[in-house]
Amino acid sequence: MRELVVLGTASQAPTRTRNHNGLLLRWDGRGLLFDPGEGTQRQLVHAGVAASRIERICLTHVHGDHCYGLPGVLSRMVLDGVEHPVHLHYPATGEDVVRALVSVATPGLDLRLHPHGGPGPVAEDLEVRPLDHRVETYGYRLAEPAGRTLLPDRLAAAGIAGPDVGRLQREGSLRGTALADVSVPRPGRRFALVMDTAPCAGAEELAEDADLLVAECTYADDDAGLAARHRHLTAGQAGALAAAGGARTLVLTHFSARYEDLAPLAAQARAAAGGAAVHAAEDLDRFALPRRRAPRAQPTGTTPAQSVR
């Protein structure tokens, strides 16, 4: 299962209908928790998601609405008897804040701290890019490795079947037939998170070819001056980010409490988002990762492709 569970959609202050920020990504049995604000432990209960499934916690930055729920989540994991290692990723300049938050959590968890101070990979398939906010901030991208999609008609023409198919995949060629001769490239699926930031190159890199892009949408376009002053995105800027990167689905979150009705923000983002499907998230919404992009068109008369890792 690959889906995003939205635990909270508020920005600086929660409202009656919006909890502080929080996102859980379920990815093939792994759980990645992003930016747990206050109340995240309770939101997990409402969402019906066990905290014990969390393997990684990723902080974009150490402003309180993105991390003050951390001690509660860690304590709940101890209460639930979690024995697997839990990896905590965060900007290096937030070390003192992170250690203070961890210090008040219930001890007993195998918690491993991973500060980062620049762009690049931070774990298998997980990488960060710097954003432009008032403190050191990074967005995250989880990218499945690219693979090949086998073409059954070409396999048959080459006389490759049964166990030989697996051997061809492992070795790259078999009896004069290369893997590339009987397959087409298949891009891996991508999830990207762009939280508190002004428009910047790092956000653009994260959004590139994202199947599911989560972007902050703190302000409406009419409040662009406030957005620039506080280093946040407007709805239109979030939409433009998705369009420029060719993102397939855009989920908006991190809304200012000044906006009770999110429909105008969604409309502003949609007007700038190109072909991306746009959703203004509400607390406890779930978004499935879009199905894999179709392989490139095959020559007329070929049989359907078979996807493999």
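The coordinates are above.
In every chain, residue numbers begin from 1 and rise along the written sequence. Two thresholds apply to this predicted model, a pLDDT of at least 70 for residue-level local features and 80 or more for giving and counting side-chain atom pairs, whereas whole-chain, interface and lining totals are computed over all residues. To obtain the side-chain values, all non-hydrogen atoms of the structure were included, while hydrogens and water were left out.

Caption draft 1: Unusual backbone geometry, seen in detail. Here His254, not a glycine, exhibits a phi torsion of approximately 65 degrees, which is positive. With respect to the helices and strands, the residue His254 is situated in the loop between strand E16 (249-253) and helix H9 (263-272). Residue classification places His254 among the buried positions, given a relative accessible area of 1%. Non-glycine residue Leu284 carries a positive phi angle of around 75 degrees. Only DSSP runs of H or I with at least four residues qualify as helices, and only runs of E with at least two residues qualify as strands; both kinds are numbered from the N terminus onward. Along the chain, Leu284 turns up in the loop between strand E17 (277-280) and strand E18 (286-288). Residue burial is assigned from relative accessible area. The probe radius is 1.4 Å, only protein chains are included, and a residue is buried under 20% of its type maximum, exposed over 50%, and partly exposed in between. On the basis of relative accessible area, Leu284 is assigned to the partly exposed category, the value being 35%.

Caption draft 2: How the structure looks around the nonpolar core. With 30 residues, the main nonpolar core has Val194, Leu213, Leu250, Leu252 and Leu265 as its most contacted residues. Counting only elements with at least two residues in this core, the list comes to strand E14 (190-194), helix H6 (201-207), strand E15 (212-216), helix H8 (235-245), E16 and H9. No other element matches the four residues that H8 contributes to this core. In this structure, Leu252 is in contact with Ala215, Cys217, Ala238, Leu265, Ala266, Ala269, Val278, His279, Ala280 and Ala281, ignoring residues within four places of it in sequence. Residues grouped as a nonpolar core are buried Ala, Val, Leu, Ile, Met, Phe, Trp, Tyr and Cys residues, joined through side-chain atoms within 4.5 Å. Working rule for contacts: check all heavy atoms of both residues, and any pair within 4.5 Å makes them a contact.

Function-wise, these values are silent; they only describe arrangement.
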